[in-house]
Amino acid sequence: MEVRFFTGVDEPLALALRLVRKRHREGGRTAVFGPAALLARLDQALWSDPPLDFLPHLRLRPGDPVPADAGLTPVWLLDQPAPDLACDSAVNLGFDEVDALSAFERVAEIVATEAQARAAGQQRWRRYKALGVTIHHHPQDGARPD
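Keep in mind that this is a model prediction, so the values were computed, not measured.

**Q** Before we move on, could you go through unusual backbone geometry and cite the residues and values that matter?
**A** Backbone geometry at Ala-86 places phi at a positive 55 degrees, although glycine is not the residue there. In this structure, Ala-86 sits in the loop between strand S4 (75-78) and strand S5 (89-92). Residue classification places Ala-86 among the exposed residues on the basis of a relative accessible area of 56%.

**Q** Describe the nonpolar core, and please don't skip the residues or the numbers.
**A** In terms of nonpolar packing, the biggest core is built from 22 residues, with Phe-33, Leu-85, Phe-104 and Tyr-128 touching the most fellow members. In contact with Tyr-128, not counting residues within four places along its chain, are Met-1, Val-3, Phe-5, Val-98, Leu-101, Val-107, Glu-109, Val-133 and Ile-135. One finds Leu-13, Leu-17, Leu-42 and Ile-110 within the second-largest nonpolar core, a separate group that totals 21 residues.

**Q** Please provide a residue-by-residue account of a negative patch on the surface, values included.
**A** On the surface, Asp-10, Glu-11, Glu-114 and Asp-141 cluster together into a negatively charged patch. If you trace the backbone, Glu-11 turns up in the loop between strand S1 (2-9) and helix H1 (12-25). Note on Glu-11: relative accessible area 52%, which makes it exposed.

**Q** Pulling in residues and values, what's your account of H1?
**A** Given a rise of 1.5 Å per residue, 14 residues ought to cover 20 Å, and the 20 Å separating the end C-alpha atoms of H1 matches this to within 8%. Burial in H1 covers these residues: Pro-12, Leu-13, Leu-15, Ala-16, Leu-17, Leu-19, Val-20, Arg-21 and Arg-23. Elements that come into contact with the buried residues of H1 comprise S1, strand S2 (30-33), helix H2 (36-48), S4, S5 and strand S6 (106-112). Among the residues trailing H1, Gly-27 stands out with phi positive, at a value near 90 degrees.

**Q** Go over the environment of Leu-93 with me, naming the residues and quoting the values.
**A** Along the chain, the position of Leu-93 falls in the loop between S5 and helix H3 (98-101). We classify Leu-93 as buried; its relative accessible area is 10%. Linking Leu-93 and Gly-63, residues 30 residues apart in sequence, is a C-alpha distance of 21 Å. Each residue touching Leu-93, except ones within four places of it in the same chain, is listed here: Pro-12, Ala-16, Val-32, Phe-33, Gly-34, Pro-35, Leu-38 and Ile-110.

**Q** How would you summarise the sheet that holds S2 if you had to cite specific residues and measurements?
**A** Across the sheet, seven strands lie side by side as S3-S4-S2-S5-S6-S1-S7; this open sheet has parallel pairing. Across the chains shown, the open sheet's two edge strands, defined by having one partner strand only, are strand S3 (57-60) and strand S7 (135-139). Taken pair by pair, the neighbouring strands of this sheet meet at an average axis angle of 20 degrees, ignoring direction. Pairing between S5 and S6: four bridges, direction parallel. Within the sheet, the bridge partner assigned to Asn-92 lies in S6 and is Glu-109. Each of S1, S2, S4, S5 and S6 touches H1; the most contacted strand, S6, lies at about 165 degrees to it. Where helix H4 (residues 115-130) meets the sheet, its contacts fall on S1, S5, S6 and S7, and the angle it forms with S6 comes to roughly 150 degrees.

**Q** Pulling in residues and values, what's your account of the pattern of salt bridges?
**A** Using the criterion set out here, one finds nine salt bridges in the structure. Glu-26 serves as the salt-bridge partner of Arg-23, at 2.9 Å between the closest nitrogen and oxygen. Its relative accessible area of 12% is what places Arg-23 among the buried residues. The partner of Arg-127 in a salt bridge is Asp-99, with the nearest N and O atoms 2.9 Å apart. Of this pair, Arg-127 sits in helix H4 while Asp-99 is found in helix H3, placing the two residues 28 residues apart along the sequence. Classification of Arg-127 by relative accessible area gives partly exposed; the value is 34%.

Calculation criteria
- Residues numbered from 1 in each chain as written.
- Predicted model: local features only at pLDDT ≥ 70, side-chain atom pairs only at ≥ 80, totals over all residues.
- Heavy atoms only, no water.
- Helix = DSSP H or I, 4+ residues; strand = E, 2+ residues; numbered from the N terminus.
- Buried < 20%, exposed > 50% of the residue type's maximum accessible area, 1.4 Å probe, protein only.
- Core = buried A, V, L, I, M, F, W, Y, C linked by side-chain atoms within 4.5 Å.
- Contact = heavy atoms within 4.5 Å.
- Patch = residues over 30% accessible without salt bridge, like charges linked within 9 Å, V, L, I, M, F, W, Y side chains within 5 Å.
- Areas by Shrake-Rupley, 256 points an atom, 1.4 Å probe, with all protein chains shown as cover.
- Salt bridge = Lys/Arg side-chain N within 4 Å of Asp/Glu carboxyl O.
- Lys, Arg positive; Asp, Glu negative; His and termini not counted.
- Charge placed at Lys NZ, Arg CZ, Asp CG, Glu CD.
- Expected span 1.5 Å × (residues − 1).
- Pairing = 2+ DSSP bridges.
- Axes fitted to C-alpha atoms, helices over the stretch in contact; angles between N-to-C directions.

So, in structure tokens, the structure goes:
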């Protein structure tokens, strides 16, 4: 498992878009976790940002059945993990259950600049460390998470 922490992020949505598009170009399948409102904004952005560059994706809410053709969709917007999707990477915009993310080969943790987001990110960092995961830190503002 490879975990990359992007801390001090002023625009989490913009960074998530960049990471998801990059992973798609590499041929990966990505699950994106976060608050419902942020996932809704990401859903819209994946349709139109940049213009005429749609990225196939689906929003799967808790209780929704996994579609039979799930393997055709490279990007999933999720409130909680769905193992049947067989994604190899995750982008986390605020999902706190680190243990549930351990099934992914790659995890990108995006930590915004707000105090609450920083505190939650520090807790996730500590949990990954406790699990023995090697963390790669990519500060966006020079901040250290610990």
